Structure formats: structure tokens, C-alpha cells
Amino acid sequence: MSRVAYVNGRYVPHSRACVHIEDRGYQFSDGVYEVCEVRGGHLVDERRHLERLVRSLKELRMDMPMALAPMRVVLRETVARNRVSDGIAYLQVTRGVARRDHAFPPPGTRPSFVVTARSIDRARQETAAEDGVAVVTVPDNRWERVDIKTVSLLPNVMARQAAREQGAREAWFVDSKGMVTEGSSSNAWIVTNDGLVVTRPAERGILKGITRTVVLEIAAAQGLRVEERGFSVDEAKTAKEAFMTAASQIVMPVIAIDGSRIGNGAPGPVARELRARFHKIAEIAS
Ligand code: PDD
């Protein structure tokens, strides 16, 4: 089946979906994005993802490309036209097309708006979750505003490639104090030997993941002890469990960090349980 993308007001064949060479996303990575899980053809946690989009745009003084209600229609339509049952919807907003000039384009320049959707092999994801995955650590060399979900992802790209070249699924960024910040496209978690679920606070140094927010709710509902604090690479390596969270992976158990085995080298019960419960708590859109 041929894929379809939404580009600035039109649904076009994915293979011919284009933006202008002077789109500011292309020239300056002057844009923001969201990735929303699709499950059974429905968007997961759409409300929270769109709230975060609005925040990202506001922080960068960028306009919404359209109101939220039509945006929700475009998201659904793109998912439906691509017949995605299990997968992801991707949306991107940039500051629009204008003659290249670092400062903002003239008032009235229309933001560019693109939506795509694609299927993900759920069985393969489940296998990865059952086996657990490896991560490597890399220095965090990103700018300070990683709380904004911008398409400026070059450090993340380099980190993920480094992981791939070492046979790992994800790279965890580490700050100058040896503390884990987050993954190249996920949030990082550990479970300590006395059962404490630990993840870095979302005020600074990380993206406040939507999956992270939902997992915190699930953990609280389960009566798990949770601490939002930083943890070091050393603490992570000696933890009972480790895992990562993202819309595209939900809860993914981590069984090795820089080649050091975590726990007994298999996904732990806390990560498995949080993964199993996720879709009972997440908001599934109609
Ligand atoms: N990434 N941290 C970073 C740097 C991310 O890029 C992501 C998501 C997360 C997790 O956020 P959420 O739970 O809202 O997906 C944390 C998406 C999936 C991506 O870039 O593909």
C-alpha cells in the first residue's frame, strides 16, 4: 500500500512529499516535532503530546500552524489513510519558508506543517522487550533547552549512531558530573537494589517525556516507591534493573550498560510490569 503524508494543507504520496529548500526547518533546524504512539488505530496520549507541542512552539516563539481541533483531524486522517494499526504518528512544525536570514522571518510567514504515520512491527518490539536491550553512554553535548522538543537533533543522531556501531539500541547521555541525563530519544530509569524506582527530575537537562509522565502515574498507582533524582552511570551499572521510556518503545528493559550486565542480565519484574500496565493507564484517543 502506498503511503500518504500531510504537507501544508494537502495529502500527497509519501514518495513525492516535499518542502521548499528554504524551509527554516531544513536550513536552521528551526522547528519542533512530536511522536505519538498509534495502537489499534488510535492515538495514545494525544492530548499530552499536543500540550507539549503547544509549549515547545511557545518557548521558541513560533506560531501554531492551525488550531488544535483541525490538527487532531489531520492526525487521524493521516493515520487512517496510511492504515496504521500499530505504529507512530509524526508531526513537525517549522517557522516556515523565507529567504535565508538567521533572525525570524517576516511576520505573517506561515509555519510549515507536516504529518506522517507508519506501522511498527509490534511482534518485533515485544521480542526486544522480552530480551531486553543494551545501551552505551556518551557525553551530553547538547544545548541547555533540551526540554523543548526541537528537530535540532544532531547530538542525538551522533549518539545513536555510536550506540548502533557498538551493537546497542540506545545511547544514554551523561553530564559533566557523571550523571545520566536521558537517552538519545528516550528517558532513562533505574530500579535500585532496595526497590526504589529512580528517574531524573524533568525541570532541567531532559525532555519531559509523555511516557515518563504516564509511567510515574502507573508506578504511584502500584504503590512503588519513586524518587525523581539524578543517578550516575556507576549507580546505574550496579542497579537491580534499568529501563527506558519513549512513545515509540513504551517501557523497554535495559540489560547492559557499556557492556556491564544489569541485575541478572534479563528484564526485571518492575520494568516488565510497568510495560504490561502502560496501555491500561495511557489515554487512548477516540
Ligand atoms: N523521542 N527524550 C528524548 C531526547 C526524546 O527524543 C524522547 C522521545 C523522549 C521520550 O519522550 P516521550 O515519552 O514523550 O516519547 C525523551 C521520540 C520518540 C523520537 O524522537 O522519536
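Sequence order as written defines the numbering, with residues in each chain counted from 1. With pLDDT at 70 or above as the cut-off, local features in this predicted model cover only qualifying residues; side-chain atom pairs require 80 or more to be listed or tallied, and sums for whole chains, interfaces and linings still use all residues. Side-chain calculation: all heavy atoms of the structure are included, whereas hydrogens and water are not.

Focus: the overall build of the chain
Then, in step 1: Put simply, DSSP H or I for four residues or longer makes a helix, DSSP E for two residues or longer makes a strand, and each gets a number counted from the N terminus. Within the chain one finds eight helices and 15 strands.
Then, in step 2: For the chain, the C-alpha radius of gyration of 19 Å lies close to 19 Å, the compact-globule estimate for 286 residues.
Then, in step 3: Its C-alpha atoms give the chain principal-axis dimensions of about 55 × 40 × 35 Å.
Then, in step 4: A total of 286 residues make up the chain; the buried ones form 50% of that total.
Then, in step 5: In what follows, a contact means two residues having at least one pair of non-hydrogen atoms within 4.5 Å. Taking the contacts inside the chain whose residues are at least 6 apart along the sequence as the reference set, 71% of them involve residues at least 24 apart.
Then, in step 6: With residues, only the protein chains shown are counted as cover, and all accessible areas are computed by Shrake-Rupley using a 1.4 Å probe. Just so you have it, the chain exposes about 14,000 Å², and 51% of that area is on carbon and sulfur atoms. Here the globule rule reads 2.2 Å times residues to the power 0.38, and the radius of gyration is calculated from C-alpha atoms. Accessibility here uses a 1.4 Å probe with only protein chains present; expressed as a share of the type maximum, an area under 20% marks a residue as buried, one over 50% as exposed, and anything in between as partly exposed.

Describing the pattern of salt bridges
Then, in step 1: Just to be clear on terms, a salt bridge is a Lys or Arg side-chain nitrogen sitting within 4 Å of an Asp or Glu carboxyl oxygen. All chains considered together, the criterion is met by 24 salt bridges.
Then, in step 2: A salt bridge links Arg145 to Asp147, with the nearest nitrogen and oxygen atoms 2.8 Å apart.
Then, in step 3: When its relative accessible area of 29% is taken as the criterion, Arg145 is described as partly exposed.
Then, in step 4: In the salt-bridge network here, residues are joined through shared partners; they are Arg55, Glu59, Arg145 and Asp147.

Points about the site of the ligand
Then, in step 1: Near residues are defined by distance, with any heavy atom within 4 Å of the molecule or strand qualifying the residue. Around the ligand sit 19 residues, and of these Tyr33, Glu182, Ile210, Thr211 and Ala247 come closest.
Then, in step 2: A 3.5 Å cut-off defines polar contacts: any pair of N or O atoms within that distance qualifies, except that in protein one atom must be a possible hydrogen donor and the other a possible acceptor, and neighbouring residues in sequence count only when both atoms are side-chain atoms. Within the contact set of the ligand, an oxygen atom lies 2.7 Å away from a side-chain nitrogen or oxygen of Tyr33.
Then, in step 3: Within the contact set of the ligand, a nitrogen atom lies 3.2 Å away from a side-chain nitrogen or oxygen of Lys149.
Then, in step 4: A total of 470 Å² of accessible area belongs to the ligand in isolation, and the protein chains cover 90% of it.
Then, in step 5: Cavity membership is defined here by more than half of the atoms lying within 2 Å of grid points; on that basis the ligand lies in the largest pocket. Both cavities and pockets are sets of points on a 1 Å grid over the protein atoms alone; in a cavity a 1.4 Å probe fits but cannot get out, in a pocket the set is open with protein on both sides within 12 Å along at least five of seven lines, and lining residues sit with an atom within 4 Å of a point. Molecule-in-pocket calls rest on the fraction of atoms, with more than half required to lie within 2 Å of the cavity or pocket grid points.

As for the packing of helix H6 (residues 210–221) against helix H8 (residues 269–281)
The relative placement of two packed helices comes down to the angle between their axes together with the axis-to-axis distance.
Then, in step 1: Relative orientation of the contacting elements H6 and H8 amounts to 100°, with a least axis distance of 10 Å. By the criterion of interaxial angle, the relationship of H6 to H8 is roughly perpendicular. Residues Thr211, Val214, Val215, Glu217, Ile218 and Ala219 of H6 touch H8, and the partners they reach there are Leu274, Arg277, Phe278 and Ile281.
Then, in step 2: Any residue outside Ala, Val, Leu, Ile, Met, Phe, Trp, Tyr, Cys, Pro, Asp, Glu, Lys and Arg is labelled polar, Gly included; the first ten of those are nonpolar and the last four are charged. Looking at the contact of H6 with H8 residue by residue, the class counts come to seven nonpolar, one polar and two charged. Working convention: axes come from line fits to C-alpha atoms, limited for helices to the stretch in contact. Angles between N-to-C directions cover 0 to 180 degrees. Oblique is the label for any angle not covered by the other classes, which are roughly parallel (under 35 degrees), roughly antiparallel (over 145) and roughly perpendicular (65 to 115).

Side note on the sheet that holds strand E4 (residues 42–43)
Then, in step 1: Strand order in the open sheet formed by six strands is E2-E1-E6-E5-E3-E4, with antiparallel pairing between adjacent strands. Every other strand in the sheet has two partners, leaving strand E2 (10–13) and E4 as the edge strands with one partner each.
Then, in step 2: By the bridge criterion, two bridges tie strand E1 (residues 4–7) to strand E6 (residues 112–119) in an arrangement that is antiparallel. Following the sheet pairing, Tyr6 is matched in E6 by Val115.
Then, in step 3: Relative to the sheet, helix H2 (residues 46–59) contacts strand E3 (31–39), E4 and strand E5 (87–94), its axis offset from that of E3 by approximately 175°. When DSSP finds at least two bridges between two strands, those strands are taken to pair.

Focus: the environment of Thr245
Then, in step 1: Considering the arrangement of structural elements, one finds Thr245 in strand E13 (residues 241–246).
Then, in step 2: In this structure, the C-alpha to C-alpha distance between Thr245 and Ala285, residues 40 residues apart in sequence, is 20 Å.
Then, in step 3: If we ignore the near neighbours within four places in the chain, the residues touching Thr245 are Ser186, Asn187, Trp189, Thr211, Arg212, Val215, Ile250 and Val251.
Then, in step 4: Only 2.9 Å separates the side chain of Thr245 from the side chain of Trp189, close enough to count as a polar contact.

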